[in-house]
2 protein chains.
Amino acid sequence: MAPSFAPSSSSYEYEVFVSFRGADNRTGFTSHLFAALDRKTIHAYKDDINLPRGEKIGPELLKAIETSRIAVVVFSKKYATSDWCLDELVKIMECKRVFNQRVLPVFYHVAQPEVLEQKGNFAELPNGPEDKRNSWRAALTGAANLAGLHLEPNRPESEFIEEIVENILKKLNEESSTAPSLRQNDAPGQHSSATIPHNDASSGQNTTINAIADWNRFFFFKIFFSR
Amino acid sequence: MAPSFAPSSSSYEYEVFVSFRGADNRTGFTSHLFAALDRKTIHAYKDDINLPRGEKIGPELLKAIETSRIAVVVFSKKYATSDWCLDELVKIMECKRVFNQRVLPVFYHVAQPEVLEQKGNFAELPNGPEDKRNSWRAALTGAANLAGLHLEPNRPESEFIEEIVENILKKLNEESSTAPSLRQNDAPGQHSSATIPHNDASSGQNTTINAIADWNRFFFFKIFFSR
């Protein structure tokens with residue numbers, strides 16, 4: 001699943017890709033999240049649940065992830081029981097590494113350490129080749145380490161969704177107001193439900209990483225269109 | 001719990017009272033419903049969960065029900081395990097009978113026959129004196145018999161909530177565009193998720209009922225303000 005295509009800054013197709021476990025919350029929480037994004041005219045990718053699903057995630061989904069500015073990952077209780085979700089997450093973390101895609105983890109009725117250390121609801125991953133399971137584990141740990149939002153007990157979901165959308169809007173505004181080479185990585189290890197600070201101390205390093213990411217974008221973009 | 005006060009058409013305090021089981025959906029479905037009502041600037045009563053709760057529903061809640069134009073009853077799986085909810089429902093059905101309050105039942109992950117015949121999730125009512133339990137049963141049967149909205153399996157909740165709000169808006173518009181004595185009762189036995197037809201055949205009877213209800217309103221209103 002190496003990135004086959006990286007969008008230039010003007011060729012993103014979506015502002016948001018949402019990775020979620022359909023069985024947990026397609027008709028519930030995630031439907032409200034999509035509706036809230038719609039109300040703010042934030043263009044999110046929505047998969048067609050009627051499409052036939054193979055054993056692997058298809059090229060349409062891979063391209064949707066690659067061409068989204070921000071990936072939101074809704075970690076719910078059964079997220080890690082789906083190899084489909086885990087493959088999506090591996091792809092998302094790959095796009096973060098290569099293109100510096102923004103990733104927002106959302107902890108929905110799960111605790112961050114469950115995802116980080118693969119325990120509790122995240123203790124049992126699906127069967128598969130060991131290298132695949134290792135990539136799932138690395139992606140879970142990597143994503144859980146990013147600045148995310150956590151639904152506190154007794155907090156109304158409607159408020160939480162507004163906070164998620166505000167956070168996405170902030171990220172989108174940062175994207176558009178900052179030169180690509182100066183874009184900052186999400187600060188690891190921050191799990192505030194109020195604000196998400198950025199890792200100012202590593203901005204020099206980030207500049208280098210982003211410059212490399214931009215070259216990667218350019219390189220893959222050229223390959224894609226010269227096929 | 002006889003109605004102590006009935007508002008004149010200009011003295012309603014709320015447009016909507018929502019009766020729901022907090023343990024089932026205070027932070028989830030109902031929070032989204034309240035948010036959707038807010039977005040349409042529909043004034044709904046919201047109880048304070050921090051208020052101490054006695055064995056019986058308090059005068060503030062009783063007055064909130066009496067002074068709401070429409071009562072929405074969210075029947076969820078544990079609704080009928082709460083004597084608090086059932087007492088609210090008895091009060092709502094009383095206001096419907098006496099003041100012709102509009103009532104919209106919403107079937108959220110429960111089937112209408114469960115509520116109508118008190119079976120399935122509604123088979124076990126709380127303990128209490130037999131006359132109280134009989135009033136709960138009558139209120140459940142009466143409410144389930146009204147035109148309501150049912151969440152179909154696999155339907156996004158966000159869409160369903162929009163439908164509920166549209167239905168409420170329609171009822172409010174009917175209220176304001178129709179002379180009080182011509183207001184119609186909710187048609188019993190209709191459970192469409194599309195439209196709620198009205199019982200035209202009984203409009204003559206309804207006119208009489210509404211005229212009596214208006215006299216009741218007037219009578220109670222006079223008593224209330226002459227205390």
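The rules behind these values
- Going along each chain's sequence as written, the residues are numbered from 1 onward.
- By the order in which they are written, chains take letters starting at A while ligands take numbers starting at 1.
- Per-residue local features of the predicted model are confined to residues with pLDDT of at least 70, and side-chain atom pairs are confined, for both listing and counting, to 80 or more; whole-chain, interface and lining totals are unaffected and use all residues.
- For side-chain calculations, the full set of non-hydrogen atoms in the structure is used, while hydrogens and water are omitted.
- UniProt positions are given in the numbering used here, feature names are shortened, and annotations may be inferred rather than shown by experiment.
- The fit set for superposing copies consists of C-alpha atoms from residues with pLDDT of at least 70 in both; the fit itself is least squares.
- A contact between two residues is defined here by any heavy atoms of the two lying within 4.5 Å.
- Each of two parts loses accessible area, computed with a 1.4 Å probe, when they are put together; buried area is these two losses added.
- Definition used for salt bridges: Asp or Glu carboxyl oxygen within 4 Å of a side-chain nitrogen of Lys or Arg.
- By the criteria applied, helices consist of DSSP H or I runs no shorter than four residues and strands consist of E runs no shorter than two, each listed in order from the N terminus.
- Throughout, the protein atoms alone are placed on a 1 Å grid, and a set of points is a cavity if a 1.4 Å probe fits but cannot get out or a pocket if it is open with protein on both sides within 12 Å along at least five of seven lines; lining residues have an atom within 4 Å of a point.
- Grid points are joined across faces, edges and corners, and a volume is the space filled by probe spheres set on the points.
- Amino acid classes used here: Ala, Val, Leu, Ile, Met, Phe, Trp, Tyr, Cys and Pro are nonpolar; Asp, Glu, Lys and Arg are charged; the rest, including Gly, are polar.

The name given to chain A in an unreviewed UniProt entry is ADP-ribosyl cyclase/cyclic ADP-ribose hydrolase, with Quercus rubra as the source organism. Under the Catalytic activity (unreviewed entry) heading, UniProt states for chain A: "NAD(+) + H2O = ADP-D-ribose + nicotinamide + H(+)".

Draft legend 1. Seen up close, the relation of the copies chain A and chain B. At an RMSD of 0.0 Å, chain A and chain B line up after a rotation of 180 degrees and a shift of 0.0 Å along the axis. Look at the turn and shift together and you get a two-fold axis relating the two. Distance from the rotation axis, computed per C-alpha, reaches its smallest value in chain A at A:His32: 3.9 Å. Both copies present the same face, since 100% of the interface residues in chain A are matched by interface residues at the equivalent positions in chain B.

Draft legend 2. The interface of chain A and chain B, seen in detail. The partner chain B presents 12 residues to the 12 residues of chain A that form the contact. When the two sides are added together, the surface that chain A and chain B hide from each other amounts to roughly 960 Å², 59% of it contributed by carbon and sulfur. Linking chain A with chain B are 0 salt bridges, by the criterion used here. Mapped onto the side of chain A that touches chain B, the elements with two or more residues apiece are helix H2 (29–39) and helix H7 (157–177) of chain A. Counting residues per element, the side of chain A that touches chain B draws most heavily on H2(A), at 4 residues.

Draft legend 3. Looking closely at the layout of surface pockets. Here the largest pocket is characterised by a volume of approximately 730 Å³. Looking at the largest pocket, it is lined by 34 residues, and the ones nearest its centre are A:Asp24, A:Tyr108, B:Tyr108, B:His109 and B:Glu157. Sorting the residues of the lining of the largest pocket by element identifies helix H1 (22–25) and H2 of chain A together with helix H1 (22–25) and helix H2 (29–39) of chain B as the ones contributing at least two each. Here the element with the most residues in the lining of the largest pocket is H1(A); it accounts for 4 residues. Broken down by class, the residue content of the lining of the largest pocket amounts to 9 nonpolar, 15 polar and 10 charged. Taken as a whole, the second largest pocket encloses approximately 470 Å³ of empty space. In terms of lining residues, the second largest pocket is bounded by 20 residues, among which A:Pro156, A:Ser158, B:Arg26, B:Ser31 and B:Phe34 are the most central. When contributions to the lining of the second largest pocket are tallied by element, the ones reaching two or more residues are H7 of chain A together with H1 and H2 of chain B. The greatest single-element share of the lining of the second largest pocket, amounting to 5 residues, is contributed by H2(B). A per-class count over the lining of the second largest pocket returns 6 nonpolar, 6 polar and 8 charged.

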